[in-house]
Amino acid sequence: MSDTALDVHISPERLLEDLRTDVRQGLTASPKWLSPKWFYDAAGSDLFERITELPEYYPTRTERALIETYAYDIAERTDAAILVELGSGSSEKTRLLLAAGTKHGSLRKYVPQDVSPSALTGAIAQISQEFPSLEVQGIVSDFTDTLQNLPADGRRTIAFLGGTLGNLVPEERQVFLADIAGALVADEFLVLGVGLVIDPDVLVPAYDDSAGVTAQFNANVLSVLNTRLGADFDPQKFQHVALWNAEDEWIEMRLRADGTQHVRIEDLDLDVVFEDGEELRTEISAKFRRDGIERELADAGFGVDEFWTDSQERFALILARRR
């Protein structure tokens, strides 16, 4: 059995305070917004796993196929002793990178990071059984505030998969990518998965499936606020909206009030009014063009060694080297 550890760098109290701050800022703004990181309570995580299996939702299976094809190339090119994964969740796709790294012979340590201790604990237990030669060190933190906590006792590769980079607006991406570069030294690597700009007729249904699972996932964030902050949202009185913002080249997910809504959030001593038809933005998912993401990486201090895409050019797996 491998050596395992779980380092907690963000407490439940700090998470709750972050939630309070985000909700107060977002629901008193115009237009209103919420951060997508609050989707992922137990119900939200289960719903997202269902989304990844839907026929309309191509990103997960497309990225997995790319990793499966190029995992050993990545292991050879990076020669990493330590694989760090930001926002690891269940680490399902990462197993392909771990298998390639152990087969190559260089990999000795896996560092999954996630905001959920329960998700990490479950993933660590499974990884430890599947890869008994690996040391596993889980980090409980927010992925935008964890890079200073990464181990530095060997050659590292950081993986940031799932298109999650697209949840950040350009200014946030600039800071985040620069922080990743700052945590690495020359000739260490970033493995990045990003969605590409494609036909909106294919893209939008990935976020508005015919079975309504994404609609349940989106509305569940209101249940999170009810449970954790004593709010009294009626999720059934908000409609799921997904649209393509052509100017910013991102998908927006919103919740649209069906009738005027008066919401009380006890924990914040806050009353919020939603007018009939008013929309609350819950997520952006930016899509990228090759020249644009290569420019963002270059500005942060990376050079792109490889840019792999599927045959339909819907998703890209990028191997970027710290300069």
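Cut-offs used in this document
- Residues numbered from 1 in each chain as written.
- Predicted model: local features only at pLDDT ≥ 70, side-chain atom pairs only at ≥ 80, totals over all residues.
- Heavy atoms only, no water.
- Core = buried A, V, L, I, M, F, W, Y, C linked by side-chain atoms within 4.5 Å.
- Buried < 20%, exposed > 50% of the residue type's maximum accessible area, 1.4 Å probe, protein only.
- Helix = DSSP H or I, 4+ residues; strand = E, 2+ residues; numbered from the N terminus.
- Domains from an automatic or database assignment.
- Contact = heavy atoms within 4.5 Å.
- Pairing = 2+ DSSP bridges.
- Axes fitted to C-alpha atoms, helices over the stretch in contact; angles between N-to-C directions.
- Parallel < 35°, antiparallel > 145°, perpendicular 65-115°, else oblique.
- Left-handed = near helix turned anticlockwise from the far one by under 90°.
- Nonpolar A, V, L, I, M, F, W, Y, C, P; charged D, E, K, R; others polar.

Labelled according to an unreviewed UniProt entry, the protein appears under the name L-histidine Nalpha-methyltransferase, originating from Rhodococcoides kyotonense.

S.K.: Explain the nonpolar core to me, please; I cannot follow it from the model alone.
M.R.: In terms of nonpolar packing, the biggest core is built from 44 residues, with Val 23, Leu 27, Tyr 207, Leu 225, Phe 233, Ile 265 and Phe 274 touching the most fellow members. When contributions to this core are tallied by element, the ones reaching two or more residues are helix 1 (12-27), helix 2 (42-51), helix 8 (213-229), strand 8 (238-245), strand 9 (250-257), strand 10 (261-265) and strand 11 (270-274). Broken down by element, this core gets its largest block of residues, 7 residues, from helix 8. Built from parts of two domains, this core gets at least three residues from each of domain 1 (22-55 + 200-286) and domain 2 (58-198 + 288-322). Setting aside residues up to four positions removed in sequence, Ile 265 forms contacts with Val 23, Leu 27, Leu 229, Gly 230, Ala 231, Leu 270 and Val 272. Core analysis: the next-biggest nonpolar cluster, separate from the first, contains 36 residues, Ile 139, Phe 143, Ile 284 and Phe 307 among them.

S.K.: Any chance you could explain the sheet that holds strand 13 (residues 302-309) here in plain terms?
M.R.: Backbone-to-backbone hydrogen bonds join strands into a sheet, with any given pair of strands oriented parallel or antiparallel. Taken in spatial order, the 8 strands of this open sheet run 1-5-4-3-6-7-14-13, and their pairing is mixed. Every other strand in the sheet has two partners, leaving strand 1 (4-8) and strand 13 as the edge strands with one partner each. Within the sheet, the average angular offset between the axes of one strand and its neighbour, ignoring direction, is 20°. Pairing geometry for strand 6 (residues 156-160) and strand 7 (residues 189-195), over 4 bridges, is parallel. Following the sheet pairing, Ile 158 is matched in strand 7 by Leu 190. Seen against the sheet, helix 3 (residues 58-78) touches strand 6, strand 7, strand 13 and strand 14 (315-322) and runs at an angle of roughly 30° to strand 14.

S.K.: Explain the packing of helix 6 (residues 170-183) against helix 9 (residues 290-300) here, please?
M.R.: Each pair of packed helices can be described by the angle between their axes along with the distance between the axes. Orientation of helix 6 relative to helix 9, taken along the N-to-C sense of each, is 55°, at an axis distance of 8 Å. In terms of their interaxial angle, helix 6 and helix 9 are classed as oblique. Remark: the crossing between helix 6 and helix 9 carries right-handed chirality. When helix 6 is examined against helix 9, the residues Arg 173, Leu 177, Ala 178 and Ala 181 are found in contact with a partner set consisting of Glu 296, Leu 297 and Ala 300. Looking at the contact of helix 6 with helix 9 residue by residue, the class counts come to 5 nonpolar, no polar and 2 charged.

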